[in-house]
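Tertiary structure, described
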Amino acid sequence: MTDFRDLQIHVVYSAKETPRVAAPGAAPGLSLRLRAVALLTLVVGVAWLYATWFHAWPWAENEFMQGELLLVMAGSNAHHAPATTTQPEDGAQTPKEAPTPAPTKAQRAAATQQAQFRLGQITYGWLGLTSVIGLWMIMSGSAALIRSRGLALLGMMLTPIAIGLTIWLYYYVKREYGWYESILPHWVRPTFGGLGLGVAIAIGWVLQSWRVGLLRIGGVLVILSAGATVGGLWAALRYSGLPTEALGTAVYAKAFAVQSLYGWLLLVGTIRIR
């Protein structure tokens, strides 16, 4: 019978082949590509909100005020052409059609109010949707930029505080200033902007586990927002009663392409990132 008492087994380990084992309780690291996409998304989100509130909104607000003035002056009848009678080419006399009765003053006022209401819904709806998408990009960028359980706990504490402070400040401004642009203090918009950024970043820290999914959803939302912008422009001209010529197809295509560009880049950039 063979004796195995003198048999010795030597195992040689290579440092190059030894896998790295994370310390107990430590979170796995994030790839450089994911961090780059997250940082770019965070920057784009801030720029998106800045462009919305300090460039696009003043322009839209000015157009909204001019639109209301045009509605009052035109009496919401800009899209209604007056009825005309035509004569046949052979010169035969035909009975004239009864003229359309002119709308009363009360009817014109009601139509104007309805048109102003529709125009306001379109304008403020676009502003709200665009702002939410900008905050989403900031949230998704902060979720994918840093992986830390400490930040997740901090986000859980800061989120309800920041949301509660935002709600309280909203009602305070409403009570003191009625949200009238002419008397609003200069600190109102920057303060709400800072609170919005804080809420988005804190929620992003809480939702770190869904970081890639949040980025992809953000790309889809950016593309959808571009479609909403095109639809809002078309609806404002079509259904608000504004006596304004319709925009050309090239204008709508350019608006969609410019606004949706980062959405496509974000979807492509997150391909094969797990």
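Remember, it's a predicted structure, so these values are computed and weren't measured experimentally.

The rules behind the values
- Residues numbered from 1 in each chain as written.
- Predicted model: local features only at pLDDT ≥ 70, side-chain atom pairs only at ≥ 80, totals over all residues.
- Heavy atoms only, no water.
- Helix = DSSP H or I, 4+ residues; strand = E, 2+ residues; numbered from the N terminus.
- Buried < 20%, exposed > 50% of the residue type's maximum accessible area, 1.4 Å probe, protein only.
- Contact = heavy atoms within 4.5 Å.
- Areas by Shrake-Rupley, 256 points an atom, 1.4 Å probe, with all protein chains shown as cover.
- Phe/Tyr/Trp six-rings, centres within 6.5 Å; stacked < 30°, edge-to-face > 60°.
- Patch = residues over 30% accessible without salt bridge, like charges linked within 9 Å, V, L, I, M, F, W, Y side chains within 5 Å.
- Salt bridge = Lys/Arg side-chain N within 4 Å of Asp/Glu carboxyl O.
- pLDDT = per-residue confidence, 0-100.
- Core = buried A, V, L, I, M, F, W, Y, C linked by side-chain atoms within 4.5 Å.
- Expected span 1.5 Å × (residues − 1).
- Axes fitted to C-alpha atoms, helices over the stretch in contact; angles between N-to-C directions.
- Parallel < 35°, antiparallel > 145°, perpendicular 65-115°, else oblique.
- Left-handed = near helix turned anticlockwise from the far one by under 90°.
- Nonpolar A, V, L, I, M, F, W, Y, C, P; charged D, E, K, R; others polar.

**Section: the overall build of the protein**
- Counting secondary structure elements, the protein contains six helices and zero strands.
- Each helix (α) and strand (β) of the protein, taken in turn from the N terminus, gives the series α-α-α-α-α-α.
- Looking at the protein as a whole, 30% of its 274 residues qualify as buried.
- Considering only intrachain contacts with a sequence separation of at least 6, the fraction spanning at least 24 residues in the protein is 86%.
- Summing over all exposed atoms, the protein offers an accessible surface of approximately 18700 Å²; the carbon and sulfur share of this is 66%.

**Brief notes about the side chain of serine 225**
- Tracing the backbone shows serine 225 in helix H5 (residues 211-239).
- Among the residues examined, serine 225 registers a relative accessible area of 2% and is labelled buried.
- Non-local contacts of serine 225, meaning those with residues more than four positions away in its chain, are made with Trp48, Ile133 and Gln259.

**Concerning the packing of aromatic side chains**
- Applying the stated rule across the entire model yields five aromatic pairs.
- Here the aromatic rings of tryptophan 179 and phenylalanine 192 are separated by 5.5 Å at their centres, their planes lie at 55 degrees, and the arrangement is tilted. With a gap of 13 residues between them, tryptophan 179 in the loop between helix H3 (149-177) and helix H4 (188-206) and phenylalanine 192 in helix H4 connect regions that are remote in the sequence.
- Its relative accessible area of 29% is what places tryptophan 179 among the partly exposed residues.
- For phenylalanine 192, a relative accessible area of 19% translates into the label buried.

**So, a nonpolar patch on the surface**
- A cluster of nonpolar side chains, namely Leu154, Met157, Leu158 and Ile161, defines an oily patch on the protein surface of about 370 Å² accessible area.
- Its location among the elements puts leucine 154 in helix H3.

**Notes on the environment of isoleucine 201**
- Positionally, isoleucine 201 belongs in helix H4.
- Along the chain, isoleucine 201 and leucine 42 lie 159 residues apart, while their C-alpha atoms are 9.3 Å from each other.

**What to know about the confidence of the model for the protein**
- Across the protein, pLDDT averages 79, with 69% of residues at or above 70.
- Looking across the protein, the model is least confident in helix H1 (residues 32-74), with a mean pLDDT of 80, and most confident in H3, with 94.
- Between residues 13-27, whose pLDDT stays under 50, and residues either more than four places distant or in other chains, the model counts two contacts.
- Within the model, the stretch residues 76-86 combines pLDDT values under 50 with 18 contacts to residues more than four positions away or in other chains.

**Structural notes on the nonpolar core**
- Counting 21 residues, the largest nonpolar core has Leu34, Trp48 and Leu215 as the members making the most contacts within it.
- Among all residues touching leucine 215, those that are not within four sequence positions of it are Leu34, Val37, Thr41, Ser140, Gly141, Ala144, Leu266 and Thr270.
- In terms of nonpolar packing, the next biggest core, distinct from the first, is built from six residues, Leu169, Val188, Phe192 and Leu195 among them.

**Re unusual backbone geometry**
- Non-glycine residue tryptophan 179 carries a positive phi angle of around 60 degrees.
- Backbone geometry places arginine 272, a non-glycine residue, at a positive phi of 70 degrees.
- One can find arginine 272 in the segment after helix H6 (249-269).

**Re H4**
- Between its first and last C-alpha atoms H4 spans 27 Å; for 19 residues at 1.5 Å apiece the expected length is 27 Å, and the two agree.
- Turning to H4, its buried residues number three or more, namely Val188, Phe192, Leu195, Gly196, Val199, Ala200, Ala202, Gly204 and Trp205.

**Here we look at the packing of H3 against H4**
- Here H3 crosses H4 at 155 degrees, and the two axes come no closer than 8 Å. Comparing their axes, H4 and H3 come out roughly antiparallel. Our pair here, H3 against H4, has a crossing hand that is left-handed.
- Residue composition of the contact of H3 with H4, by class: 19 nonpolar, four polar and no charged.

**Section: the packing of H5 against H6**
- Where H5 contacts H6, the axes come no closer than 7 Å and their chain directions differ by 170 degrees. Taken together, the axes of H5 and H6 are roughly antiparallel relative to one another.

**Concerning the pattern of salt bridges**
- Here the structure, examined in full by the defined rule, presents one salt bridge.
- For arginine 175, the salt bridge is made with glutamate 176, and the minimal N-O distance between the two is 3.2 Å.
- For arginine 175, a relative accessible area of 62% corresponds to the exposed category.

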